[in-house]
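Listed below are the residues making up each chain.
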Amino acid sequence: MNEQTQRELVILGTGYTGRAVYKKAISRRWLTWATSRAPTTHLNFVPPERRIHFDLSDRTTWSNLPHDCDLLWCFPAEPFELVREFARAINVVAGRLVVLGSTSAYHTGPSGEDPPPWIDETAPLDQTKARVQGEEFLRTTCGAIILRVAGIYGPGRNPLTWIKRGRVGPSRKYVNLIHVDDLAEVCLATLTSGGRGEIYNVSDGVPRTWQDICHLARERFGIHPVGDVDTDSAGKRIDNSKLLALLARAGTPLLYTDLRQSLDHIVAVEASTEVTP
Ligand SMILES: NC(=O)c1ccc[n+]([C@@H]2O[C@H](COP(=O)([O-])OP(=O)(O)OC[C@H]3O[C@@H](n4cnc5c(N)ncnc54)[C@H](OP(=O)(O)O)[C@@H]3O)[C@@H](O)[C@H]2O)c1
């Protein structure tokens, strides 16, 4: 694409991540559309002419998408047959397609190692999962870029709240996280300069145990865990080297790699706005 040409982006599924990408994209003057299954109620932050009614499971909405734009797919790419039919119908090869997947795609049997081994993009996938099948179809057939995303957090998705509510407890299980603002930057960077058909792990590169995070919550924020301890799984340690190399070339490093600072920031943002934790 000519550098002078304005980028045109459609965000398919504008939830937590899609909203952060939308804000970043318009601040960079990308011509950006946002989709929802209920655009009038869910997209009130988007000008009406940039809202699109789109539902993967409703074929009549597929033609609402503008042609030849970049696409960012922000919900699970399933069921497989519908994903395949949709990809053929809209001819996704015309633009660049980035799909948000999950690190849960990696098949990791019980390794018995503590800490668990590092997982890079060559690790085996759990092909029994419908969304993994959908992602692999889009990648191998349409040249989609797949982002294998770690746990997304940020204002309104606060790990301190998860601890307070007992959703997680002080286990030895490893967790990998990515702040939503960093993820939004990664989406724009991969849309701009990711390799077609490539996979990128997206995490902050610092796997932590829930025990460590609970310790931080207690020492820094006075929050005590109430949840049960999951001792069954060692979790994963996600290697983000490939992503870091791309971000270094793009000149956009990850900003939220220090969890203590990130949580301070989230607490401040949640205190100053109406964000519901
Ligand atoms: N949350 C995490 O920690 C995490 C971790 C790893 C990977 N991921 C993946 O990353 C992606 C983004 O996560 P997120 O938490 O930002 O998602 P999210 O908040 O759930 O946003 C996705 C949006 O997509 C829309 N949508 C859902 N199903 C759809 C369908 N069949 N057709 C059209 N639109 C549909 C929904 O918006 P409307 O109701 O307005 O249509 C939904 O709010 C997802 O694929 C998620 O599975 C998430």
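1. Some points on the side chain of Asn240
Here Asn240 shows up in the loop between strand 13 (237-238) and helix 8 (241-250). Take Asn240: its relative accessible area is 7%, and that puts it in the buried class.

2. Examining the site of the ligand
Of all residues adjacent to the ligand, which total 22 residues, the nearest are Thr17, Ser36, Arg37, His42 and Arg157. Between the ligand and Tyr16, the relevant distance is 2.9 Å, taken from an oxygen atom to a main-chain nitrogen or oxygen of the residue. A distance of 2.7 Å is found between an oxygen atom of the ligand and a side-chain nitrogen or oxygen belonging to Thr17. In the complex, the protein chains occlude 77% of the 890 Å² of accessible area that the ligand would expose alone. Looking at the shell around the ligand, the elements with two or more residues in it are helix 1 (16-27), strand 5 (97-102) and strand 8 (151-153). No other element matches the three residues that strand 5 contributes to the shell around the ligand.

3. Concerning the pattern of salt bridges
What the rule picks out here adds up to 15 salt bridges. Asp70 is the partner of Arg7 in a salt bridge, and the nearest nitrogen-oxygen pair spans 2.7 Å. On the criterion of sequence distance, the pair formed by Arg7 in the segment before strand 1 (8-12) and Asp70 in strand 4 (residues 70-73) is long-range, its members being 63 residues apart. The partner of Glu136 in a salt bridge is Arg139, with the nearest N and O atoms 2.9 Å apart. Of this pair, Glu136 and Arg139 both sit in helix 4 (residues 130-142), separated by three residues, roughly a single helical turn. The class for Arg139 is partly exposed, based on a relative accessible area of 21%. Put simply, Arg131, Glu135, Glu136, Arg139 and Arg148 are held in one network by salt bridges that share partners.

4. Considering helix 9 (residues 259-272)
For helix 9, which comprises 14 residues, the first-to-last C-alpha distance of 20 Å matches the rise-based estimate of 20 Å (1.5 Å per residue) to within 8%. Among all positions in helix 9, only Leu259, Ser262, Leu263, Ile266 and Glu270 are buried. Take helix 9 and look down its axis: the buried residues cluster within an arc of 95°, on one side only. Across helix 9 from its buried face, at more than 90 degrees, point the exposed residues Gln261, Ala271 and Ser272.

5. Considerations on helix 7 (residues 210-221)
Helix length check: helix 7, at twelve residues, gives a terminal C-alpha distance of 15 Å against a target of 16 Å (1.5 Å per residue), a fit within 8%. Residues of helix 7 that are buried make contact with helix 5 (159-164), strand 9 (174-175), strand 10 (177-179), strand 12 (208-209) and helix 9. One or two positions beyond helix 7, positive phi appears at Gly222, with a value near 65°.

6. What to know about the packing of helix 3 (residues 80-90) against helix 4
Where helix 3 contacts helix 4, the two axes come as close as 9 Å, and the packing angle between them is 25°. Taken together, helix 3 and helix 4 sit at an angle that is classed as roughly parallel. In this structure, helix 3 meets helix 4 at a crossing whose hand is right-handed. Residue-level contacts link Phe80, Val83, Arg84, Ala87 and Arg88 of helix 3 to Gln133, Gly134, Phe137, Leu138 and Cys142 of helix 4.

7. Describing the pairing of strand 2 (residues 31-36)
By the criterion of burial, strand 2 is predominantly enclosed, with six of the six residues buried. In strand 2, alternate side chains face the same way, and those of Leu31, Trp33 and Thr35 on one face and Thr32, Ala34 and Ser36 on the other are all buried. Judged from the four bridges that link them, strand 1 and strand 2 form a sheet pairing that is parallel. In the strand pairing of strand 2, Val10 is matched with Trp33.

8. Concerning the pairing of strand 5
Along strand 5, six of the six residues are buried, which leaves the element largely enclosed by surrounding structure. By the alternation rule, side chains of strand 5 split into Leu97, Val99 and Gly101 and Val98, Leu100 and Ser102, which are all buried. Where strand 4 and strand 5 come together, three bridges link them in parallel fashion. Within the sheet, the bridge partner assigned to Trp73 lies in strand 5 and is Val99. Here strand 5 runs beside strand 7 (residues 145-149); their pairing, made up of five bridges, is parallel. In the strand pairing of strand 7, Leu100 is matched with Leu147.

Conventions adopted
- Residues numbered from 1 in each chain as written.
- Predicted model: local features only at pLDDT ≥ 70, side-chain atom pairs only at ≥ 80, totals over all residues.
- Heavy atoms only, no water.
- Helix = DSSP H or I, 4+ residues; strand = E, 2+ residues; numbered from the N terminus.
- Buried < 20%, exposed > 50% of the residue type's maximum accessible area, 1.4 Å probe, protein only.
- Near = heavy atom within 4 Å.
- Polar contact = N/O pair within 3.5 Å; in protein donor to acceptor, adjacent residues only side chain to side chain.
- Areas by Shrake-Rupley, 256 points an atom, 1.4 Å probe, with all protein chains shown as cover.
- Salt bridge = Lys/Arg side-chain N within 4 Å of Asp/Glu carboxyl O.
- Expected span 1.5 Å × (residues − 1).
- Arc of directions from axis to C-beta.
- Contact = heavy atoms within 4.5 Å.
- Axes fitted to C-alpha atoms, helices over the stretch in contact; angles between N-to-C directions.
- Parallel < 35°, antiparallel > 145°, perpendicular 65-115°, else oblique.
- Left-handed = near helix turned anticlockwise from the far one by under 90°.
- Pairing = 2+ DSSP bridges.

Remember, this is a structural readout, not a statement about activity or role.
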